[in-house]
Amino acid sequence: MRGNDVGHTGMDADVVIAGAGPTGLMLACELRLAGVDVVVVERLAERTGESRAGGMHSRTLEVLDQRGILDRFLAIGELQPVGHFSGLYLEFDEFESRHPYPLMILQSDIERLLEEWAAELGVRVRRSSEVSGIRQDGSGVTVELRTEEATPATLRARYLVGCDGGRSTVRKLSGIDFPGTEATMTALIGDVELPDLPEDYVWVRRTPGGDYSAIAFEPGWHRVITSEFDRVADRDETPTFERLRESLVRVAGTDFGMRNPRWVSRFNDAARQAARYRQGRVLLAGDAAHIHFPAGGQGLNMGVQDAVNLGWKLASVVRGQAPESLLDSYHAERHPVAERVLHNTRAQSALVRPGPQTDALRDVFSSLMVFDDVNRYLRGMLTALDIRYPVDGSHPLAGRRVPDADLKTADGATRVYELLHAGRPVLLNLRDSTEVAAAVAGWADRVGLVEAQSEDDHWLVPALGEIPAPAALLIRPDGHVAWAAATDGTPDTSALRTALATWCGPAPRG
Ligand SMILES: Cc1cc2nc3c(=O)[nH]c(=O)nc-3n(C[C@H](O)[C@H](O)[C@H](O)COP(=O)(O)OP(=O)(O)OC[C@H]3O[C@@H](n4cnc5c(N)ncnc54)[C@H](O)[C@@H]3O)c2cc1C
């Protein structure tokens with residue numbers, strides 16, 4: 001059961017991923033696209049079908065577009081005209097992205113679609129297999145699994161990635177600290193029927209006892225959330241339908257005839273982040289690396305984007321093209337992203353507490369959000385469109401996600417994200433520069449050279465505004481710019497070679 005493109009001995013797989021949630025599945029697909037042999041081990045016998053996350057933001061939609069699978073998600077999701085910051089409406093800008101909207105889609109559907117894609121790519125998913133032990137040495141990791149069999153099974157791989165959620169066993173077994181802030185509130189959530197909900201009901205209602213919301217997800221079904229503050233539920237207190245009903249009555253004064261629960265759960269505003277995303281041959285991604293209040297719906301998005309940042313790097317190292325040190329850039333780039341999300345969710349949780357001081361703060365905040373600059377700033381942060389990784393280079397695009405610009409090539413019209421479907425780095429030569437084409441020749445086995453022209457003279461970049469279209473770009477498989485040349489002046493091909501060696505590994509001899 002190997003289906004392997006990479007030669008090695010004594011290994012069951014190149015990479016074992018713990019957890020078949022959205023992060024683990026996305027990572028598995030990224031690794032398979034790059035020809036890496038991967039096994040996903042999942043504790044549960046089957047997908048839970050729990051709805052959980054309710055949407056995806058622009059950057060995640062772009063990432064799926066970069067792999068050519070976005071249509072599957074758009075076909076079942078619902079576009080939302082606005083987003084929100086702590087329940088305060090946020091406008092989107094149709095020119096900042098081809099997908100300038102949140103897509104309402106349930107996590108259960110996202111997981112199903114990712115699992116289908118994984119199956120198409122030949123990912124092996126081994127269910128009823130719970131990681132219970134880890135031993136790493138110089139050449140690999142031995143992963144112990146608790147299964148339905150009497151004796152524990154083991155898998156040997158070169159790397160293990162813990163995508164096993166907020167209570168990550170992989171993180172704990174690796175001794176990675178998880179510092180952060182404790183919960184200060186309890187929220188109960190349920191997918192239920194609400195026959196007595198008034199028709200004029202909209203969005204979040206704040207009351208002196210807390211707040212509640214009821215969002216229509218599917219005809220006849222609502223997602224009800226109640227938040228109560230300064231009361232933190234015990235970990236072993238089971239979230240039940242009755243507790244949700246009691247909480248709704250305390251906060252709203254009625255249960256709106258609530259009945260027929262499909263799913264009831266609980267969350268809080270604890271915010272923690274792994275001190276290190278890598279410990280030798282063990283890495284962490286998604287909720288295993290960071291947990292926070294689900295305000296603004298950022299957790300799943302961040303997990304998928306962790307996976308897309310890590311996948312191509314791990315594949316390059318496994319294939320022997322890049323040195324192991326490339327993996328350190330995963331922590332360097334993604335740890336600050338989650339740090340900022342934890343920060344903004346703490347702010348959002350402060351903004352929903354009951355009381356006249358918070359009411360006043362919300363009023364002030366709402367009046368600020370009328371300003372375009374404030375909207376742009378918050379929008380960039382929530383959608384993750386404004387992320388800039390610490391990549392060398394003075395060009396304004398260096399480190400940022402590349403816009404999905406329209407292009408002309410000798411073979412016809414295309415756009416930047418279509419060029420990224422294979423998950424390979426691309427050198428986009430937009431001014432027919434022979435120096436640029438010559439510089440990449442040594443990396444022809446791993447970098448695609450595309451000769452094209454930009455349809456537009458200027459590109460709109462979130463957080464920057466309009467900039468002149470560049471003369472050439474080295475785009476990493478995750479869609480971030482590793483090197484760019486401006487149209488005025490000669491392309492710095494020495495910096496291009498350095499970027500190629502940094503992100504794609506040293507040029508092969510020969
Ligand atoms: C109410 C609520 C609403 C949310 N809304 C949004 C939203 O709108 N947008 C958004 O982006 N995010 C949202 N989130 C957050 C989102 O649900 C999580 O961030 C997301 O599930 C993280 O995905 P993951 O794959 O990292 O972890 P998980 O989804 O937790 O998956 C981890 C997997 O690992 C498995 N596992 C655990 N331990 C082991 C083990 N030892 N061995 C093998 N397998 C193991 C688990 O069974 C599970 O399948 C919301 C969360 C909640 C609670």
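Not measured: the values here are computed from a predicted model.

Each value, and the rule that gives it
- Residues numbered from 1 in each chain as written.
- Predicted model: local features only at pLDDT ≥ 70, side-chain atom pairs only at ≥ 80, totals over all residues.
- Heavy atoms only, no water.
- Salt bridge = Lys/Arg side-chain N within 4 Å of Asp/Glu carboxyl O.
- Helix = DSSP H or I, 4+ residues; strand = E, 2+ residues; numbered from the N terminus.
- Buried < 20%, exposed > 50% of the residue type's maximum accessible area, 1.4 Å probe, protein only.
- Patch = residues over 30% accessible without salt bridge, like charges linked within 9 Å, V, L, I, M, F, W, Y side chains within 5 Å.
- Areas by Shrake-Rupley, 256 points an atom, 1.4 Å probe, with all protein chains shown as cover.
- Lys, Arg positive; Asp, Glu negative; His and termini not counted.
- Charge placed at Lys NZ, Arg CZ, Asp CG, Glu CD.
- Domains from an automatic or database assignment.
- Contact = heavy atoms within 4.5 Å.
- Buried area = accessible area lost by both parts, 1.4 Å probe.
- Nonpolar A, V, L, I, M, F, W, Y, C, P; charged D, E, K, R; others polar.
- Near = heavy atom within 4 Å.
- Polar contact = N/O pair within 3.5 Å; in protein donor to acceptor, adjacent residues only side chain to side chain.
- Pairing = 2+ DSSP bridges.
- Right-handed = clockwise from strand over helix to strand, strands pointing away.
- Axes fitted to C-alpha atoms, helices over the stretch in contact; angles between N-to-C directions.
- Parallel < 35°, antiparallel > 145°, perpendicular 65-115°, else oblique.
- Left-handed = near helix turned anticlockwise from the far one by under 90°.
- Expected span 1.5 Å × (residues − 1).
- 1 Å grid on protein atoms, 1.4 Å probe; cavity = no way out; pocket = protein on both sides within 12 Å on 5 of 7 lines; lining within 4 Å.
- Points joined across faces, edges and corners; volume = space filled by probe spheres on them.

A.B. asks: Explain the pattern of salt bridges to me, please; I cannot follow it from the model alone.
C.D. replies: Note that side chains of opposite charge can pair when their charged atoms are close. For the coordinates displayed, the defined rule picks out 37 salt bridges. In this structure, the salt-bridge partner of Arg379 is Glu96, at a minimum N-O distance of 3.0 Å. Here Glu96 lies in the loop between strand S6 (88–90) and strand S7 (103–104) and Arg379 lies in helix H10 (residues 372–383), a separation of 283 residues in the sequence. Glu96 matches Arg379 in its accessibility class, with the two residues each being buried. Across the salt bridge formed by Asp386 and Arg340, the nearest N and O atoms sit 2.8 Å from each other. Of this pair, Asp386 sits in the loop between H10 and strand S22 (406–409) while Arg340 sits in helix H8 (residues 328–350), and the two are 46 residues apart along the sequence.

A.B. asks: I would appreciate a short explanation of a negative patch on the surface in the present structure.
C.D. replies: On the surface, Glu455, Asp456, Asp457 and Glu466 cluster together into a negatively charged patch. Mapped onto the elements of the fold, Glu455 is located in the loop between strand S26 (453–454) and strand S27 (458–461). Take Glu455: its relative accessible area is 41%, and that puts it in the partly exposed class.

A.B. asks: What's the story with the domain arrangement of the protein chain in this structure? I'm lost.
C.D. replies: Many descriptions give the size of an interface as the accessible area lost when the pieces come together. Domain annotation for the protein chain reports domain 1 (13–179 + 272–351), domain 2 (185–268) and domain 3 (406–504). In this structure, domain 1 and domain 2 have C-alpha centres spaced 28 Å apart. Each side of the interface is counted separately: domain 1 has 16 residues, and domain 2 has 14 residues. Across the domain 1/domain 2 interface, buried area totals approximately 1100 Å², and carbon plus sulfur atoms make up 60% of it. Taken as a group, Met104, Leu106 and Phe293 account for 31% of the area that domain 1 buries against domain 2, more than any other trio of residues on that side. Between domain 1 and domain 2 we count zero salt bridges in total. Class assignment of the residues belonging to the side of domain 1 that touches domain 2 gives a composition of seven nonpolar, six polar and three charged.

A.B. asks: Even after reading the chapter, I still don't get the site of the ligand, so can you show me in this structure?
C.D. replies: Lining the immediate surroundings of the ligand are 30 residues, of which Glu42, Gln107, Asp287, Leu300 and Asn301 lie closest. The separation between an oxygen atom of the ligand and a polar main-chain atom of Gly54 is 3.1 Å. Protein coverage of the free-state accessible area of the ligand, which is 1000 Å², stands at 89%. Of all elements in the fold, only helix H1 (22–33), strand S9 (130–136) and helix H7 (299–318) reach the threshold of two or more residues within the shell around the ligand. Among the elements that make up the shell around the ligand, the one with the highest residue count is H7 (three residues). Along the lines of polarity and charge, the residues of the shell around the ligand split into ten nonpolar, 14 polar and six charged.

A.B. asks: Any chance you could explain the pairing of strand S25 (residues 448–451) here in plain terms?
C.D. replies: Note on strand geometry: in a regular strand, side chains alternate between the two faces of the sheet. Here S25 shows one buried face, formed by Gly448 and Val450, and one open face, formed by Leu449 and Glu451. Here four bridges tie strand S24 (residues 426–429) to S25, and the two strands are oriented parallel to one another. Bridged to Leu427 within S25 is Leu449. Assessed by its sense of winding, the connection that carries the chain from S24 through helix H11 (residues 434–440) to S25 is right-handed.

A.B. asks: How do you make sense of the packing of H1 against helix H4 (residues 107–121) when you look at a structure like this?
C.D. replies: Packed helices, taken two at a time, are described by their axes: the angle between them and the distance between them. Packing of H1 against H4 brings their axes to within 9 Å, and their N-to-C directions diverge by 25 degrees. Classed by the angle they form, the pair H1 and H4 counts as roughly parallel. Two packed elements cross with a definite hand, and for H1 against H4 that hand is left-handed. Residues Pro22, Leu25, Met26, Cys29, Glu30, Arg32 and Leu33 of H1 pack against Gln107, Glu111, Leu114, Glu115, Trp117, Ala118 and Leu121 of H4.

A.B. asks: Looking at this model, I keep getting lost on the pairing of strand S23 (residues 412–415). Mind explaining?
C.D. replies: In the sheet, S22 pairs with S23 via four bridges, with the strands oriented antiparallel. Within S23, the position partnered with Lys408 by the bridge is Ala413.

A.B. asks: Just checking my understanding: could you explain the environment of Arg167 for this structure?
C.D. replies: Considering the arrangement of structural elements, one finds Arg167 in the loop between strand S11 (153–162) and helix H5 (169–173). Owing to a relative accessible area of 54%, Arg167 belongs among the exposed residues under this scheme. Separated by 122 residues in the primary sequence, Arg167 and Ala289 place their C-alpha atoms 9.6 Å from one another. Beyond its immediate sequence surroundings of up to four residues, Arg167 is in contact with Lys172 and Arg235.

A.B. asks: Help me understand H10, please; the structure alone is not making it clear to me.
C.D. replies: Within an α-helix, residues lying three or four positions from one another point in the same direction, as the helix has 3.6 residues per turn. The terminal C-alpha atoms of H10 lie 16 Å apart, and with twelve residues this matches the ideal 16 Å at 1.5 Å per residue to within 8%. Buried within H10 we find Asn375, Leu378, Arg379, Gly380, Met381, Leu382 and Thr383. For H10, the elements touching its buried residues are helix H2 (58–66), strand S5 (83–85), S6, H8 and helix H9 (356–368). Note on H10: the residue one or two positions beyond its end, Ala384, has a positive phi of about 65 degrees.

A.B. asks: Would you mind going over empty space enclosed by the protein with me for this structure?
C.D. replies: Enumeration according to the criterion identifies four cavities of 30 Å³ or more in this entry. Computed from the structure, the largest cavity encloses a volume of approximately 100 Å³. If you trace the largest cavity, you find 13 residues lining it, with Met302, Val341, Met381, Leu382 and Ala384 closest to the centre. Of all the secondary-structure elements, those providing two or more residues to the lining of the largest cavity are H7, H8 and H10. Considered class by class, the residues forming the lining of the largest cavity number seven nonpolar, five polar and one charged. Along its surface, the second largest cavity is lined by Arg59, Val63, Gln305, Val308, Asn309, Arg334, Ala384, Ile387, Tyr389, Asp478 and His480. When contributions to the lining of the second largest cavity are tallied by element, the ones reaching two or more residues are H2 and H7. Class assignment for the residues of the lining of the second largest cavity results in five nonpolar, three polar and three charged.

A.B. asks: Please explain the environment of Val41 as it appears in this structure.
C.D. replies: Structurally, Val41 is set in strand S2 (residues 38–41). Residue classification places Val41 among the buried positions, given a relative accessible area of 2%.

A.B. asks: For this particular structure, what's the right way to read the packing of H8 against H10?
C.D. replies: It is the contact of H8 with H10, at a shortest axis distance of 10 Å, that shows an interaxial angle of 120 degrees. When the axis of H8 is compared with that of H10, the two are oblique. Crossing geometry of H8 relative to H10 is assigned as left-handed. For the pair H8 and H10, contact is made by Arg340, Asn344 and Gln348 and by Gly380, Met381 and Leu382, respectively.

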